[in-house]
Amino acid sequence: MINLKNIYNDTNLRISYESTNINNMQKVITRFAPSPTGYLHVGGLRTALYNFLFAKHNHGKFLLRIEDTDQARLVKGADKEIFKILDEFGLKYDNKPVYQSQRLEIYQKFAAQLVKEGKAYYCFCTPERLEKMRQEQLKNGKPPMYDGLCRQLTEKDIEQKILAKIPHVVRLKVPRLTEKPAITFNDLIRGHVGFMTTTIDDQVLIKSDGFPTYHLASVIDDHEMEITHVIRGEEWLSSTPKHLLLYEAFGWIPPYFAHLPLLLNSDKSKLSKRQGDVAAEDYLQKGYLPEALINFVAMLGWNPGEGNTKEIFNLQELIKIFDFKNVNKSGAVFDTEKLDWINGLYIRKMKVKELTKLCLPYLKGINPKLAEKIVAVEQERLKKLSDINQNIEFFQKEPEYKAELLIWKKSNKDATLENLVKLEDFILTLNDPDFKTIKNLEDKVITWIKKENYGVGDMLWPMRVALSGLQNSPSPFEIAWVLGKKETLKRINSAQNILR
């Protein structure tokens, strides 16, 4: 699997990492390693999902790590929110979450080891010098990189500066290899990838506050947690050679790497907060079902394979068929219309009582029994749970509208009034059982209309408007079923008074 040569002793050699058959290796262990700096981005949710699916597909473990070393950006309670979100989506991790902030001594120990072995060094450059250097490099059209000034310090210089308590960081001594490309690895999604070490900075490993950078902590933790596959976003692809250099410096075998495609807006720009909601919780609050969102997110950059046109999968089905060979390299568009369609399918499959419970937070102040009837009527039209509170005021109170709205096409005011009187007289003859179901009510009314040879539109249009006050609404039978006989008659009578 691995062909690593000691690049610290021979600058003409290279580091090469090639993958082999996954089935021939030890138990698969993946990890999700979010930073608790705010909301969980839907891209982070997809990363967690793919790590979970791959681990479970291979009967392995899915672990959770909280990368909280960037103390300045920490958001209180964000870690608890991450736990909550993963639980809501059914992505159960197999360990007690690891907090990097509780492992500082471990990172410092390993960094000190690298310094002792000549693979890392202390850097005492001030922020002002580093910024000036950066600006000059940019001005000259060069990529901003540390110039290696402190690589030349003698042991005596270093000792004096440390005794003087001059702030410092620890940097990796990146070998300047001459072979092209100097560092190569086989990405499970992108195939063969290569980098030159001349483009890799002498990265900081330990910051001046004693906290590790992402690169050092991530490599050490992945090694100690025995992670076999690092599955992460495309933005980390350029960091992989830095990590491989650290694995080589420590003499450790690196894991497999898989870099997921970016999530894009409809205009193909990177999915960002500026163009809409990007937090997983935002979508849950809007009324998207966790199982629908998981289904949708799974398809962002992955497909079930050639010849499989199915698009609706539950979590267990996804576990069975997930394979990296069907993950795309190109970015995936976050299509909210597709999400609405998938969510609508899941909503329509639900039982009314179960759906009503989920809709109640969006139906504040509405009696639960009335809410259940409203949900039953609206279920087929819902794309998300929050849609339930749109244009339903007429279910709660008698609507206000102009007389003209009651008149159907070529009909007139007098004919409409006469039809509403006839409709009222007929509904008076109905019993409560006739209102038991929408179909019962519809059959009774339609049979009466046909028997009396009335125009369907002449009768049902003013009935709909009388009950809802709207030009577009659920059918008059659905509304009447929700309102009941007494309220239906009251509104039809009110409509007559508007026309008089």
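All values reported here derive from a predicted model rather than from experimental measurement.

**Here we look at the sheet that holds strand β4 (residues 61-66)**
Next, step 1: Taken together, the three strands give an open sheet; going across it, the order is β3-β4-β5, and neighbouring strands pair in parallel fashion. On the outer flanks of this sheet lie β3 (29-32) and β5 (98-99), each paired with one strand and no other.
Next, step 2: Pairing geometry for β3 and β4, over four bridges, is parallel. By the bridge assignment, Arg31 is partnered in β4 with Leu63.
Next, step 3: Running at roughly 160° to β4, helix α2 (residues 78-88) makes contact with β3, β4 and β5 of the sheet.

**A short note on the pattern of salt bridges**
Side chains that differ in charge, positive against negative, can pair when their charged atoms come close.
Next, step 1: The full count for this structure, using the stated rule, is 26 salt bridges.
Next, step 2: A salt bridge links Lys80 to Asp79; the nearest nitrogen and oxygen atoms lie 3.2 Å apart.
Next, step 3: The exposed category is assigned to Lys80, whose relative accessible area is 53%.
Next, step 4: The class of Asp79 is buried, set by a relative accessible area of 12%.
Next, step 5: One salt-bridge network, in which partners are shared between bridges, spans Arg31, Arg65, Glu67, Arg103, Asp221, Asp222 and Glu224.

**Quick notes on the sheet that holds strand β6 (residues 120-123)**
Next, step 1: One open sheet holds the three strands; their spatial order is β6-β7-β10, and the pairing between them is antiparallel. On the outer flanks of this sheet lie β6 and β10 (204-206), each paired with one strand and no other. Ignoring strand direction, the axes of neighbouring strands in this sheet form an average angle of 40°.
Next, step 2: As paired elements, strand β7 (residues 169-172) and β10 share two bridges and run antiparallel to each other.

**Some remarks on the state of the cysteines**
In protein structure, a disulfide is the covalent linkage between the sulfur atoms of two cysteines.
Next, step 1: Following the criterion strictly, the structure yields zero disulfides and no others.
Next, step 2: Cysteine Cys123 remains unbridged, with the sulfur of Cys125 as its closest cysteine sulfur at 3.8 Å.
Next, step 3: Looking at Cys123, the relative accessible area reads 1%, which means it is buried.

**Observations regarding the nonpolar core**
Next, step 1: Within the largest apolar cluster, 102 residues are counted, with the highest numbers of intra-cluster contacts made by Leu49, Phe89, Leu91, Phe324 and Ile427.
Next, step 2: No other element matches helix α18 (residues 476-499), which puts 10 residues into this core.
Next, step 3: Once residues within four sequence positions are removed from consideration, Leu91 is found in contact with Leu45, Ala48, Leu49, Phe52, Phe62, Leu86, Ile294 and Leu315.

**Some words on the pairing of β4**
Next, step 1: For β4, a buried count of five out of six residues is recorded, marking the element as mostly surrounded by other parts of the structure.
Next, step 2: Where β4 lies against β5, two bridges are found, and the strand directions are parallel. Its bridge partner lying in β5, Ile66 is registered against Tyr99.
Next, step 3: Handedness of the crossover is the feature at issue here: the chain leaves β4, passes through α2, returns alongside β5, and the resulting connection is right-handed.

**Topic: the confidence of the model for the chain**
Next, step 1: Put simply, the chain has an average pLDDT of 92, and 93% of its residues get 70 or more.
Next, step 2: Here residues 1-14 scores under 50 on pLDDT; set against residues more than four positions off or in separate chains, the count is 48 contacts.
Next, step 3: Across residues 19-24 the pLDDT falls below 50, and counting only partners more than four positions away or on other chains, this stretch makes 12 contacts in the model.

**Describing the packing of aromatic side chains**
Next, step 1: Counted according to the given criterion, the structure contains 20 aromatic pairs.
Next, step 2: Seen from their ring centres, Phe185 and Phe195 are 6.5 Å apart, and the 0° between their planes marks the pair as stacked. Note that Phe185 is positioned in strand β8 (residues 183-187) and Phe195 in strand β9 (residues 191-195), a separation of 10 residues in sequence.
Next, step 3: Taking relative accessible area as the criterion, Phe185 reaches 0% and is therefore assigned buried.
Next, step 4: With relative accessibility at 18%, the residue Phe195 sits in the buried group.
Next, step 5: Pairing Tyr283 with Phe334 gives two aromatic rings, centres 5.4 Å apart and planes at 45°, and the pair type is tilted. Of the two residues, Tyr283 sits in helix α8 (residues 280-286) while Phe334 sits in the loop between β14 (332-333) and α11 (336-349), which places them 51 residues apart along the sequence.
Next, step 6: The class for Tyr283 is buried, based on a relative accessible area of 5%.
Next, step 7: Judged by its relative accessible area of 6%, Phe334 is buried.
Next, step 8: Three or more aromatic residues joined by ring pairs form one cluster here, namely Tyr50, Phe54, Trp302, Phe313, Phe322 and Phe324.
Next, step 9: Lying over the aromatic face of Tyr146, Arg171 brings its terminal NZ or CZ to 3.9 Å of the ring centre.
Next, step 10: Its guanidinium or amino end placed over the ring of Trp481, Lys373 lies 4.8 Å from that ring's centre, counting from NZ or CZ.

**A short note on unusual backbone geometry**
Next, step 1: With phi around 75°, Lys268 is a residue other than glycine that occupies positive phi space.
Next, step 2: With respect to the element layout, Lys268 can be found in the loop between β13 (263-264) and α8.
Next, step 3: The phi torsion at Asn453 lies on the positive side, around 60°, for a residue other than glycine.
Next, step 4: When you line up the elements, Asn453 lands in the loop between α16 (438-451) and α17 (456-468).
Next, step 5: When its relative accessible area of 68% is taken as the criterion, Asn453 is described as exposed.

**So, the environment of Ala249**
Next, step 1: With respect to the helices and strands, Ala249 occurs in helix α7 (residues 240-250).
Next, step 2: Each C-alpha atom, one on Ala249 and one on Lys173, is 9.6 Å from the other, the two residues being 76 residues apart in sequence.

**Observations regarding the packing of helix α3 (residues 104-116) against α7**
Next, step 1: Between α3 and α7, the least distance of the axes is 11 Å, while the angle of their chain directions is 75°. If you check the angle between α3 and α7, you find them roughly perpendicular. Here α3 contributes Phe110, Gln113 and Leu114 to the contact with α7, which in turn contributes Leu246, Ala249 and Phe250.
Next, step 2: The residue makeup of the contact of α3 with α7, split by class, is five nonpolar, one polar and no charged.

**Let's talk about the side chain of Thr69**
Next, step 1: Relative to the helices and strands, Thr69 is located in the loop between β4 and α2.
Next, step 2: Excluding anything up to four places from it in sequence, Thr69 contacts Gln100, Lys207, Phe211 and Pro212.

About the criteria used
- Residues numbered from 1 in each chain as written.
- Predicted model: local features only at pLDDT ≥ 70, side-chain atom pairs only at ≥ 80, totals over all residues.
- Heavy atoms only, no water.
- Pairing = 2+ DSSP bridges.
- Helix = DSSP H or I, 4+ residues; strand = E, 2+ residues; numbered from the N terminus.
- Contact = heavy atoms within 4.5 Å.
- Axes fitted to C-alpha atoms, helices over the stretch in contact; angles between N-to-C directions.
- Salt bridge = Lys/Arg side-chain N within 4 Å of Asp/Glu carboxyl O.
- Buried < 20%, exposed > 50% of the residue type's maximum accessible area, 1.4 Å probe, protein only.
- Disulfide = S-S within 2.5 Å.
- Core = buried A, V, L, I, M, F, W, Y, C linked by side-chain atoms within 4.5 Å.
- Right-handed = clockwise from strand over helix to strand, strands pointing away.
- pLDDT = per-residue confidence, 0-100.
- Phe/Tyr/Trp six-rings, centres within 6.5 Å; stacked < 30°, edge-to-face > 60°.
- Lys NZ or Arg CZ within 6 Å of the ring centre and 35° of its normal.
- Parallel < 35°, antiparallel > 145°, perpendicular 65-115°, else oblique.
- Nonpolar A, V, L, I, M, F, W, Y, C, P; charged D, E, K, R; others polar.

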